[in-house]
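Each chain is listed here by its residues.
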Amino acid sequence: MITFGATANDDGTFSLFYAGRLVGHYARTRRKGTSARWRGVSIHGVLVYAGTRTAVESALMGTYA
């Protein structure tokens, strides 16, 4: 069975895992005047922005190879 999930970190960020491997990290943004509410960074250094937590997880998975 392949597992997918996120864990909360002590600093308020989340770590996203797929099949036991780290995909990236994400957190809520504090930028005003933008529709992006979540910001993430993949293990490859790709930045992603999204409006929801589910969308940022999806965007991070899209960078995973």
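Quick note: structure is the one above.
Worth saying up front: this structure is predicted, and the values here are computed from it rather than measured. (Residues numbered from 1 in each chain as written. Predicted model: local features only at pLDDT ≥ 70, side-chain atom pairs only at ≥ 80, totals over all residues. Heavy atoms only, no water.)

**Student:** Would you take a moment to explain the side chain of threonine 63 for this structure?
**Tutor:** Here threonine 63 lies in helix H1 (residues 53-63). At a separation of 2.7 Å, a polar atom in the side chain of threonine 63 contacts the main-chain carbonyl oxygen of leucine 60. Excluding residues within four positions of it along the chain, threonine 63 makes contact with Ser42, His44, Val46 and Val48. (Helix = DSSP H or I, 4+ residues; strand = E, 2+ residues; numbered from the N terminus. Polar contact = N/O pair within 3.5 Å; in protein donor to acceptor, adjacent residues only side chain to side chain. Contact = heavy atoms within 4.5 Å.)

**Student:** I tried to follow the packing of aromatic side chains on my own but got confused; where do I start?
**Tutor:** The description of an aromatic ring pair rests on the distance of the ring centres and on the angle between the ring planes. Taken as a whole and assessed by the stated rule, the structure comprises four aromatic pairs. On the numbers, 6.2 Å between centres and 55° between planes, the contact of phenylalanine 14 with tryptophan 38 is tilted. A residue pair is termed long-range when its members are at least 10 positions apart, and phenylalanine 14 in strand S2 (residues 14-18) and tryptophan 38 in strand S4 (residues 38-42) qualify at 24 residues. Given a relative accessible area of 17%, phenylalanine 14 falls into the buried group. Tryptophan 38 sits in the buried class, given a relative accessible area of 8%. (Phe/Tyr/Trp six-rings, centres within 6.5 Å; stacked < 30°, edge-to-face > 60°. Buried < 20%, exposed > 50% of the residue type's maximum accessible area, 1.4 Å probe, protein only.)

**Student:** Please explain a nonpolar patch on the surface as it appears in this structure.
**Tutor:** Residues Val41, Leu47 and Tyr49 make up a contiguous nonpolar surface patch of roughly 270 Å² in combined accessible area. Tracing the backbone through its elements, the reader meets valine 41 in strand S4. Among the residues examined, valine 41 registers a relative accessible area of 30% and is labelled partly exposed. (Patch = residues over 30% accessible without salt bridge, like charges linked within 9 Å, V, L, I, M, F, W, Y side chains within 5 Å. Areas by Shrake-Rupley, 256 points an atom, 1.4 Å probe, with all protein chains shown as cover. Salt bridge = Lys/Arg side-chain N within 4 Å of Asp/Glu carboxyl O.)

**Student:** Please explain unusual backbone geometry as it appears in this structure.
**Tutor:** Excluding glycine, most residues fall at negative phi; most peptide bonds, likewise, are trans. Here alanine 19, not a glycine, exhibits a phi torsion of approximately 55°, which is positive. In this fold, alanine 19 is placed in the loop between S2 and strand S3 (21-28). Given the relative accessible area of 42%, alanine 19 is considered partly exposed.

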